[in-house]
Amino acid sequence: MTLATSTTKTADFMSPSTGPSSGSRLYWAMADVLTITKRNLIRFRRTPDALFFSTVQPIMFVLLFRYVFGGAVKLGGTLPTGAKLPYVDFLMAGIFAQSISFGGIGTAVGLAEDLQTGLIERFRALPMARFAVLAGRTIADLVRNVFVIVVMTAMGALVGFDFPTGGLAFIAAVALWLVFAYALLWGFAVIGLSASNSETAQVIAFPILFPLLFASPAFVPVYDMPGWLQGFVTHQPLGVLIDATRALMVGGPTASLVGQSLAWIVGMFAVLVPIAVWRYRERS
Amino acid sequence: MSYAIEAEGIEKTFGGDVRALDGVSFAVEEGTVFGLLGPNGAGKTTAVRILTTILAPDGGRGRVLGHDVVSEAVLVRRLIGLAGQNAAVDPYLTGRENLTMVGRLNRLSHEVVAQRAGELLEQFGLVDAANRPLKTYSGGMRRRLDVAAALVARPPVLFLDEPTTGLDPHSRSDVWGMIEGLVGGGTTVLLTTQYLEEADRLARRVAVVDRGRVIAEGTPEQLKADLGTTVLDVGLADAATAERAAQVLAQTATRAPSVVGSMVELPVDDGPRAAMEVLRLLDRHALSPTVFRLREPSLDDVFLSITGKPTEEGSEDGASPVDVPRTDGKGRRSRRRPGKSRQVSATSPDGGARAR
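Residues numbered from 1 in each chain as written. Chains lettered and ligands numbered in written order. Predicted model: local features only at pLDDT ≥ 70, side-chain atom pairs only at ≥ 80, totals over all residues. Heavy atoms only, no water.

Q: Please provide a residue-by-residue account of the overall build of chain B, values included.
A: The secondary structure content of chain B amounts to 12 helices and 15 strands. Looking at chain B as a whole, 58% of its 356 residues qualify as buried. Counting every atom, chain B has about 13700 Å² of accessible surface; 47% of that belongs to carbon and sulfur. (Helix = DSSP H or I, 4+ residues; strand = E, 2+ residues; numbered from the N terminus. Buried < 20%, exposed > 50% of the residue type's maximum accessible area, 1.4 Å probe, protein only. Areas by Shrake-Rupley, 256 points an atom, 1.4 Å probe, with all protein chains shown as cover.)

Encoded structure:
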């Protein structure tokens, strides 16, 4: 479905004021979000190289950790079956964390670019809903995240991940990641709206992500880390999400960890969305 | 008289000390083209951004068709179209997709959007390129699509921010023809430009903007009458000789000649006749010109005549195809963009007489 397909219909209407149900502000606000979402999705399709390379990096991480570093990692856990936890099962949550966090850089860069090129300047002079620019951007990026997660799941299965807790628990884990991803995208939107250009957006995003992803249980268990670091690692949002979804995907107590994850997600939405909207309004 | 666009003492300061607009006022009659003429950094774009609700003014007020651009911003956005250097289209979308996106964001139904996109692509000669991404378009095509996007919702008021800057002469006259077509349809157009020639050709009234203030306003004819219809450039051996020549030539000019480096610039009414007289005068005083040419007045000349000094940035983006290389090379600023200029050999006064 592209914007172009709708234009192939024959138009009978002469009056530009003809439109669906009058005065329904919500309808038009949603239509605006849809229009911007489509626009961003079309861009993904027209730049397949960008999409390709954004999945290549996580794939390389899968291979790197599965076959190079994984053998050196000593895991203490066991699977629900009682068998020793294989590293590939441990790895899946970390790979999701990595794909989702680094994938979000695209949101920051994309928004900074739209500000830079002047597209947002045009949007500001249109009678559209203001928040649609941000909502459409983040929704399109969420769709991209779904795509990346599907690719990573296939990749995981290829290198030996065999869904030890079953499909339903796995889907719950993926759902949790996607909700988290959407909250995180608003953080990247803040970065994109605060950077002076797209290069800066990338430079700002990286040092924020790096400690969150690597000072976490993404690729190695935490018990060999120094005590002070463990405190950060097990409480920072990405760490909590990794622990919660790992428990869902390979077994272990989930209730508390999922609860903490949801708390982080709600907190992030509550803080990041207003900041992003405020940055969008202020930036001119 | 009813005005489509009104600016009343609009002020805007950036970052605490950059005074972009220092009390700009002007009014645009409905159904006419109004030109905001000024060099880079004069404040033209800032004025457009305020009048199109993108930016809030620090002081003063703006109205579009009687509606305040701050307190009635949402309403104003339904009445305006914006195109130009700062309001972009998406290079990865096709022409049709861009028009459809803007149409939908203008709250038009799918059917109307499809129809308008088709009409505009045809009107602007972009049917063949309709389904190609914009990054494959030439500069002129892209600019046409940009203006088309501003017209999707048939706005009664259109803002065109430097619509021809950076275009080659052919594309430029394309865009001009397009703007002329619009006004025939009753649209009010606010046009910003760095080119006097463009304002002259398109605008019924012109405001000259410099450092955030309107320094002159009137019809292009009034501005040019102020200026003389033609400028005669006479290059001399050095600055001192040029000063001497300026004194000698003062009597033939409509206004006092100005000296820039070793060049005397003489605004005259009747070019060919003035040229003959100037050559006679020069000869009588044993002054031998190195450059001698008649040309139409440029933006710099307007500034010289109004402020007594040339534009600071002038036509700095030397990308303009109408740039004529300077041949004197004697300390003169090289950034000047003369209007249509004709080089006349100093040894052939008859050539000078033919020049216009």
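Q: Explain the pairing of strand β11 (residues 230-235) of chain B to me, using residue names and the numbers behind them.
A: Residue and element names in this part refer to chain B. Judged by how many residues are buried, β11 sits mostly within the fold: 6 of 6 residues are covered. Burial along β11 is two-sided: T230, L232 and V234 and V231, D233 and G235, pointing in opposite directions, are all buried. Summarising the sheet, β11 and strand β13 (residues 263-268) pair through 6 bridges and their orientation is antiparallel. Residue pairing for β13: L232 is matched across the bridge by L266. Note: β11 against strand β14 (residues 291-295), 5 bridges, orientation antiparallel. Among the inter-strand pairings, G235 is bridged to a residue of β14, identified as V291. (Pairing = 2+ DSSP bridges.)

Q: Before we move on, can you summarise the sheet that holds strand β2 (residues 18-29) of chain B with the specific residues and values?
A: Residues and elements named next belong to chain B. Within the open sheet, the 4 strands sit side by side as β2-β1-β4-β5. Their pairing is antiparallel. Each end of this open sheet is capped by a strand with a single partner; those strands are β2 and β5 (67-68). Sheet topology places strand β1 (residues 3-14) next to strand β4 (residues 59-64); 5 bridges connect them, and they run antiparallel. Opposite E6, over in β4, you have R63 as the bridge partner. Contacting β1, β2 and β4, helix α1 (residues 44-51) crosses the sheet at an angle of about 115 degrees to β1. (Contact = heavy atoms within 4.5 Å. Axes fitted to C-alpha atoms, helices over the stretch in contact; angles between N-to-C directions.)

Q: With reference to specific residues and values, describe the sheet that holds strand β6 (residues 80-84) of chain B.
A: All names here are of chain B. As summarised here, the arrangement of the 6 strands in space is β6-β7-β8-β3-β9-β10, forming an open sheet in which the pairing is mixed. Only two strands of the sheet have a single partner each, and these edge strands are β6 and β10 (213-218). Averaged over all pairs of adjacent strands, the angle between their axes in this sheet comes to 15 degrees, without regard to strand direction. As defined by bridge partners, strand β3 (residues 33-37) adjoins strand β9 (residues 205-210) across 4 bridges and the pair is classed as parallel.

Q: Please set out the packing of helix α3 (residues 48-69) of chain A against helix α4 (residues 87-103) of chain A residue by residue, giving values where relevant.
A: Residue and element names in this part refer to chain A. For the pair α3 and α4, the least separation of the axes is 10 Å and the interaxial angle reads 155 degrees. Compared by their axis directions, α3 and α4 come out roughly antiparallel. As α3 runs across α4, the sense of the crossing is right-handed. Two secondary-structure elements touch here, α3 through Q57, P58, F61, V62, F65 and R66 and α4 through Y87, V88, L91, I95, Q98, S99 and F102. Of the residues contributing to the contact of α3 with α4, the split by class is 9 nonpolar, 3 polar and 1 charged. (Parallel < 35°, antiparallel > 145°, perpendicular 65-115°, else oblique. Left-handed = near helix turned anticlockwise from the far one by under 90°. Nonpolar A, V, L, I, M, F, W, Y, C, P; charged D, E, K, R; others polar.)

Q: Could you give an account of the pattern of salt bridges, naming the residues involved and the relevant values?
A: Under the criterion given, the structure shown has 27 salt bridges over all chains. In this structure, D90 of chain B and R39 of chain A form a salt bridge, with 2.5 Å as the shortest nitrogen-oxygen distance. Taken together, the positions of D90 of chain B in the loop between β6 and α3 (95-105) and R39 of chain A in helix α2 (residues 25-46) put the pair across two chains. Each member of the pair D90 of chain B and R39 of chain A is classed as buried. With a closest N to O distance of 3.9 Å, R204 of chain B and E29 of chain B form a salt bridge. Of the two residues, R204 of chain B is situated in the loop between α7 (196-202) and β9 and E29 of chain B in strand β2; the sequence distance between them amounts to 175 residues. Through salt bridges with shared partners, one network takes in R39, R43, E113 and D114 of chain A together with D90 of chain B. (Salt bridge = Lys/Arg side-chain N within 4 Å of Asp/Glu carboxyl O.)

Q: Could you give an account of the nonpolar core, naming the residues involved and the relevant values?
A: Core analysis: the largest hydrophobic core is formed by 130 residues, its most contacted members being F96, F123, W177, F219 and M249 of chain A together with L99 of chain B. With 18 residues, helix α8 (residues 167-194) of chain A is the single largest residue contributor to this core. Contacts of F219 of chain A, omitting those with residues within four sequence positions, involve F61, F65, V73, Y87, F90, L91, G94, I95, Q98, L213 and F214 of chain A. I10, F26, A47 and A207 of chain B belong to the second largest nonpolar core, which has 29 residues in total. (Core = buried A, V, L, I, M, F, W, Y, C linked by side-chain atoms within 4.5 Å.)

Q: Run through the packing of α8 of chain A against helix α9 (residues 198-214) of chain A, naming residues and quoting values.
A: Residues and elements named next belong to chain A. One can describe the packing of α8 onto α9 by two numbers: an axis separation of 9 Å at closest approach and a directional angle of 140 degrees. Taken together, the axes of α8 and α9 lie oblique to each other. In this structure, α8 meets α9 at a crossing whose hand is right-handed. Across the interface between the two elements, F188, I191 and G192 from α8 touch A201, I204, A205, I208 and L209 from α9. When the residues that make up the contact of α8 with α9 are grouped by side-chain class, the tally is 7 nonpolar, 1 polar and no charged.

Q: Provide a residue-level description of the pairing of β9 of chain B, including the pertinent values.
A: Within a regular strand, side chains alternate between the sheet's two faces. Residues and elements named next belong to chain B. Most of β9 is tucked away: 5 of the 6 residues are buried. Pairing between β9 and β10: 5 bridges, direction antiparallel. Residue pairing across strands places V208 opposite A216, the latter belonging to β10. The antiparallel pairing of β9 with β10 creates a hairpin that spans 2 residues between the two strands, and R211 there sits at a positive phi of about 45 degrees.

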